[in-house]
Amino acid sequence: MTDKTDFKKTLDAYQAARGQFRIVDVPDTRYLMVDGHGDPNGAPAFTGAIEALYPVAYKLKFASRRDLGRDYVVPPLEGLWWAEDMDSFTARRDKERWDWTLMIMVPDWIGQDLFTAAVEQAGARNRPSRLDDVRLGTLSEGRCVQTLHVGSFDDEAEVLARLHGEFVPGNGLRMVGRHHEIYLSDFRRVAPERQRTILRQPVAPASGA
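Owing to the predicted nature of the structure, the values given are computational and were not obtained by experimental measurement.

1. What to know about the pattern of salt bridges
Counted under the stated rule, the structure contains 12 salt bridges. Between D6 and K8 there is a salt bridge, and its shortest N-O distance comes to 3.3 Å. Judged by its relative accessible area of 16%, D6 falls in the buried class. Residue R143 pairs with D25 through a salt bridge whose shortest N-O separation is 2.8 Å. Residue R143 is located in strand β8 (residues 142–150), and its partner D25 is located in strand β2 (residues 22–26); the two are separated by 118 residues in the primary sequence. Each of the salt bridges in this network shares a partner with another, and the network as a whole consists of K61, R65 and D71.

In structure tokens form, the structure reads like this:
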């Protein structure tokens, strides 16, 4: 029996503390990804994305254990969020204007052949409506600032205001890339006030140097 890797415990990029902003260098990371637009609370595409990602993620896990002898815990759901006017995300929370990419990380030893086979297997029975939208891609974020938010997603605004308006410029940085959330709690099952979410923002030197 092989040891089972839990990336939430072994990767520094999954470490964050409530009330603390931490600068972390995130390596290029591979994900299963599905894109969408609109209010996550009401968009069928959002639910469809989750229903497509998890079957593929678990098929990959089982294939890795069976074929490669490398077992791991399926990592948490993650999301990239942005809007044409980012105030509609950070301040006004105008969810109808949001764009998003939902993701589940996959280990770097997973190849394209295993991914293709996993998609085929996931569609063999009860085919998810958005299965054809699942892709395998690499996210390059580099230097980021992140913190742990505990509570409802709608209560993120104060933390984001401090992150964007105080910590980032106060440390000679500027924001680049897309707002990134890592859902350590399953928001489908955990009460909003108990949800644990890593909030991450890619940054670069303010001078551009």
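Still more to cover.
2. A short note on the packing of aromatic side chains
Under the defined criterion, the tally for this structure stands at 13 aromatic pairs. A centroid spacing of 6.0 Å and a plane angle of 55° characterise the contact between F7 and Y72, whose relative ring orientation is tilted. With F7 in helix α1 (residues 7–10) and Y72 in strand β4 (residues 71–72), the pair connects residues that are 65 residues apart, well separated along the chain. Assigned by exposure class, F7 and Y72 land together as buried.

3. A look at the nonpolar core
Grouped together as the largest cluster of nonpolar side chains are 44 residues, with contacts concentrated most on L32, L53, V56, L60 and L102. If you list the elements that add at least two residues to this core, you get β3 (29–37), α2 (44–68), β5 (77–82), β6 (99–105), α4 (112–122), β7 (135–139) and β10 (179–183). Top element by residues in this core is α2. It accounts for nine residues. Residues contacting L32, with those up to four places away along its chain left out, are L53, V56, A57, L60, L102, M103, I104, V106, F115, V134, R135 and L136. Formed by 10 residues, the second largest nonpolar core is a distinct cluster that contains V159, F167, L173 and L199.

Rules used throughout
- Residues numbered from 1 in each chain as written.
- Predicted model: local features only at pLDDT ≥ 70, side-chain atom pairs only at ≥ 80, totals over all residues.
- Heavy atoms only, no water.
- Salt bridge = Lys/Arg side-chain N within 4 Å of Asp/Glu carboxyl O.
- Buried < 20%, exposed > 50% of the residue type's maximum accessible area, 1.4 Å probe, protein only.
- Helix = DSSP H or I, 4+ residues; strand = E, 2+ residues; numbered from the N terminus.
- Phe/Tyr/Trp six-rings, centres within 6.5 Å; stacked < 30°, edge-to-face > 60°.
- Core = buried A, V, L, I, M, F, W, Y, C linked by side-chain atoms within 4.5 Å.
- Contact = heavy atoms within 4.5 Å.

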